[in-house]
Amino acid sequence: MSSAPAEIRPTTAPAAVPVRWSLRFLGVWLAILLALELFVQSEGHASLFLPAPSAIAMSLWKMIADGSLAMNLSATMSRIALGLLCGAGLGVMLGLAMGTSKRLRRVIDPLVAAIHPIPRLAFFPLLIVLLGVGETSKLAAVSLGAFFPMLLNTVAGVRGMNPVHLEVARNYGADRRQMFLHVLLPGSMPLMLTGLRLSANVAFHSTIGVEMVGSRNGMGAMLWLSWQTFRIDHLYAILVVIAAIGIGLATLIRWVAHRSAPWMSDRAAAA
Amino acid sequence: MVATSVAESSARYAPRDRARHFTCEGLGQTFTGERGAVTALTDVALAVDVNEFLCIVGPSGCGKSTLLRIIADLQAPTTGAVRFEGEHAAHRGRNGLVVQEHGTFPWMSAVDNVAFGLKLAGVPVTERRARATAYLERVGLAAFAQHYPHELSVGMRQRLGIGRAMVGQAPLLLMDEPFGALDAQTRRHMQNELLGIWAADRRTVVFVTHDIDEAVLLGDRVVVMSGRPGRVLADIPVPLARPRDFRRDAAEARGIIEDVWRLLEPSSAVEP
């Protein structure tokens, strides 16, 4: 008999450094902001391209006060959420079907191979032509982005199942439904979670991109508007909010991964 | 053997049931691949009794794992058949299968791993938890019920696999080199443990290994297979008393082990 099959581990690029709310994290940022503040103030006047952190905070506060931040933030968040739900949802379903059916794989693999390398945003004009300038085309663009990482990783997860686990389950009398529910699904969970993490990332990026190009609301639209009206302090303030969305999203996905695959180490779940 | 010693040992250990469990008749397996056909097994005949501990030993690539998979009904033989006697026919393909250390499900806690077969069979949750816990205790893992396999040592994972195989009362345990990945010391320890568990809860065991010492020390009978194509070279009874004591039996076992080595020498020499 040959040596034991290696435990299947999701093979992914190293994860981004997760934000840990440690004293060190806060300390480093406080120091940078303080230094910036002192530097800008010592110039005697607020620089046009480098507003003082206090000025950025001020314009952020104004956005909160007049309600424009809440309105645009919720528009962005709902686009990310809906796009991720549709895209990753379809991706996981088709991925499971493709993972278990060779026939389906044979038909769809060539399509995926041809479409997947195209940058997501390149589809946006076509989607506007097909679906109109409304919310549908934006949702489609975000979903399309979220779809592929989930699909590819789900297929890889199912295909990469340790065959020993399938045989053991068969030997203990698992029928098709039980095999799917108790073996195939949890067995491919590590890679599906990798897919979810990548999908969430793409959904986030696509949403901001789509909003910059063709939307009246959302953080992307706000960002673009502040560039066009040359409100540099707004630009910085909005970037801070966008960064916060990214951190929040990554934290949420880590939490989901930890909840749905508690057997994986934290490190693997974050990867 | 003197009558008293037989009476003595049968008082302590239930005598082996001589009823037949299953029979392999003329088993052959040919795999057809891109580079032509490979014959893994040819004309394997084997009769296994109820509650017998049978070890299958042979050089790597001799098809002993293939033979086990055929008995487990995970694979259909090209020729021949496995015939289960009487009520055992109902358990066809529903055995206690133990494989190397990656056989336990990493996504289930120890207790859920053991309860897996019971869950599939629709045993209510409280009952299957209780039964699984009892078997965890039997394999010495009671304190680790909520641990995931990656939190256990390789030896503990292997005990977990054995517990999972036995909890369903499957009359036939099929073990495919279960201790193959263990270091020598842990291996010896696990062999003792397996014999202890088996003595307390007798089943028919088919145990595949490439370790001749292991086969002789565990088995009631050692089936020696030749290199490819695999066929049965010899069927050697092991008349060592049970419970086995590896140190006490060492001298007696040595002779049998030597016999097996001699059988395997020429066949392993022609291995490519």
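Since the structure is predicted, the reported quantities are computational estimates derived from the model, not experimental observations. (Residues numbered from 1 in each chain as written. Chains lettered and ligands numbered in written order. Predicted model: local features only at pLDDT ≥ 70, side-chain atom pairs only at ≥ 80, totals over all residues.)

*Asks:* Describe the overall build of chain B, naming the residues involved and giving the relevant values.
*Replies:* Secondary structure summary: chain B contains 8 helices and 9 strands in total. Here the C-alpha radius of gyration of chain B, 19 Å, is about what a compact globule of 272 residues would show, namely 19 Å. On the principal axes, the C-alpha backbone points of chain B span a range of 55 × 55 × 40 Å. Here chain B, with 272 residues, has 44% of them falling under the buried criterion. Counting contacts in chain B only where the partners sit at least 6 residues apart, residues at least 24 apart contribute 72% of the total. (Helix = DSSP H or I, 4+ residues; strand = E, 2+ residues; numbered from the N terminus. Rg over C-alpha atoms; globule rule 2.2 N^0.38 Å. Buried ≥ 20, exposed ≤ 12 C-beta atoms within 10 Å, placed from the backbone. Contact = placed C-beta atoms within 7 Å.)

*Asks:* If you had to explain the pairing of strand β8 (residues 221–225) of chain B to someone new, which residues and values would you point to?
*Replies:* Two faces make up the sheet, and in a regular strand the side chains alternate between them. Residues and elements named next belong to chain B. Where burial is concerned, most of β8 is hidden: 4 out of the 5 residues are buried. Examined bridge by bridge, strand β3 (residues 53–57) and β8 share 4 bridges and lie parallel to one another. Within β8, the residue paired with V57 across the bridge is V224. (Pairing = 2+ DSSP bridges.)

*Asks:* Residue-level account of the environment of P239 of chain B, with values.
*Replies:* All names here are of chain B. With respect to the helices, strands and loops of the structure, P239 is situated in the loop between β9 (232–237) and α8 (250–269). In this structure P239 comes out as exposed when scored by C-beta crowding, with 10 C-beta atoms within 10 Å. Through-space distance from the C-alpha of P239 to that of A253 is 9.2 Å; in sequence the pair is 14 residues apart.

*Asks:* Break down helix α4 (residues 125–138) of chain B for me, with residues and values.
*Replies:* Note on helix geometry: an α-helix contains 3.6 residues per turn, so any two residues three or four positions apart are oriented the same way. Residue and element names in this part refer to chain B. The first and last C-alpha atoms of α4 sit 20 Å apart over 14 residues, in line with the 20 Å expected at 1.5 Å per residue. Those residues of α4 that fall on the buried side of the exposure criterion are R128, A132, Y135, L136 and R138. Taken around the axis of α4, the buried residues stretch over an arc of 155 degrees, which confines them to a single face. The exposed residues of α4 that point more than 90 degrees off its buried face are T126, E127 and A130. Along its buried surface, α4 packs onto α3 (110–120), α5 (154–167) and α6 (184–200). Directly after α4, the chain includes G140, whose backbone phi takes a positive value near 75 degrees. (Expected span 1.5 Å × (residues − 1). Arc of directions from axis to C-beta.)

*Asks:* Would you mind going over the interface of chain A and chain B in detail, with residue names and values included?
*Replies:* Contacts between the two partners involve 19 residues from chain A, matched on the other side by 25 residues from chain B. Put simply, the parts of the chain that give the side of chain A that touches chain B at least two residues each are α7 (163–171) and α8 (176–187) of chain A. Among the elements that take part in the side of chain A that touches chain B, α7 of chain A stands out by supplying 6 residues, more than any other. Tallied by class, the residues present in the side of chain A that touches chain B amount to 10 nonpolar, 6 polar and 3 charged. (Nonpolar A, V, L, I, M, F, W, Y, C, P; charged D, E, K, R; others polar.)

*Asks:* A description of the confidence of the model for chain A should follow, citing residues and the corresponding values.
*Replies:* All names here are of chain A. The predicted model of chain A averages 87 in pLDDT, with 89% of residues at 70 or higher. A low-confidence stretch, residues 1–13 stays under pLDDT 50, and its non-local contacts, those more than four residues away or across chains, total 20 contacts. Across residues 266–271, where pLDDT falls below 50, the model places 14 contacts with residues more than four positions away in sequence or in other chains. (pLDDT = per-residue confidence, 0-100.)

*Asks:* Explain the sheet that holds strand β1 (residues 20–33) of chain B to me, and be specific about the residues and the numbers.
*Replies:* All names here are of chain B. Here we have 3 strands laid out as an open sheet, ordered β2-β1-β4, and antiparallel in their pairing. Only two strands of the sheet have a single partner each, and these edge strands are β2 (36–49) and β4 (79–84). Neighbouring strand axes in the sheet, compared pairwise and without regard to direction, differ in orientation by 15 degrees on average. Strand direction decides the pairing type here: β1 and β4, joined by 5 bridges, are antiparallel. Bridge pairing links F22 to F84 in β4. (Axes fitted to C-alpha atoms, helices over the stretch in contact; angles between N-to-C directions.)

*Asks:* Tell me about the pairing of β3 of chain B, and name the residues and values.
*Replies:* Residues and elements named next belong to chain B. Counted residue by residue, β3 has 5 buried out of 5 residues, so it is predominantly covered. Side-chain alternation along β3 places F53, C55 and V57 on one buried face and L54 and I56 on a second face that is also buried. Sheet topology places β3 next to strand β7 (residues 204–209); 5 bridges connect them, and they run parallel. Residue pairing for β7: L54 is matched across the bridge by V206.

*Asks:* Tell me about the packing of α7 of chain A against α8 of chain A, residues and numbers included.
*Replies:* Residue and element names in this part refer to chain A. The N-to-C vectors of α7 and α8 enclose an angle of 165 degrees; their axes lie 11 Å apart at closest approach. For the element pair α7 / α8, the angle class is roughly antiparallel. α7 and α8 meet at a crossing whose hand is right-handed. Across the interface between the two elements, H165, L166 and A169 of α7 pack against M179, V183 and G187 of α8. Each residue belonging to the contact of α7 with α8 can be placed in one class, and the counts come to 4 nonpolar, 2 polar and no charged. (Parallel < 35°, antiparallel > 145°, perpendicular 65-115°, else oblique. Left-handed = near helix turned anticlockwise from the far one by under 90°.)

*Asks:* Before we move on, could you go through the sheet that holds β7 of chain B and cite the residues and values that matter?
*Replies:* Adjacent strands of a sheet form backbone hydrogen bonds with each other and so pair up, either parallel or antiparallel. Residue and element names in this part refer to chain B. In space, the 6 strands of this open sheet follow the order β5-β6-β7-β3-β8-β9, with mixed pairing throughout. Both edges of this open sheet fall to β5 (96–98) and β9, since each of them pairs with a single strand only. The mean angle between the axes of side-by-side strands here comes to 15 degrees, regardless of whether they run parallel or antiparallel. Where strand β6 (residues 172–176) meets β7, 5 bridges bridge the pair, whose relative direction is parallel. The partner of M175 across the bridge, within β7, is F207. Along the sheet, α5 makes contact with β5 and β6, crossing β5 at roughly 165 degrees.

*Asks:* Tell me about the environment of R197 of chain A, and please be specific about residues and values.
*Replies:* Mapped onto the fold, R197 of chain A is located in helix α9 (residues 189–214). As a C-alpha pair, R197 of chain A and S101 of chain A span 96 residues in sequence and 25 Å in three-dimensional space.

*Asks:* Now, about α3 of chain B: what can you tell me, with residues and values included?
*Replies:* Residue and element names in this part refer to chain B. Where burial is concerned, most of α3 is hidden: 8 out of the 11 residues are buried. Looking at α3, one finds that the buried residues are A110, V111, N113, V114, A115, F116, G117 and L118. Among the structural elements, α4 and α5 are those in contact with the buried residues of α3. Looking one or two residues past α3, G122 carries a phi angle of roughly 85 degrees, positive in sign.

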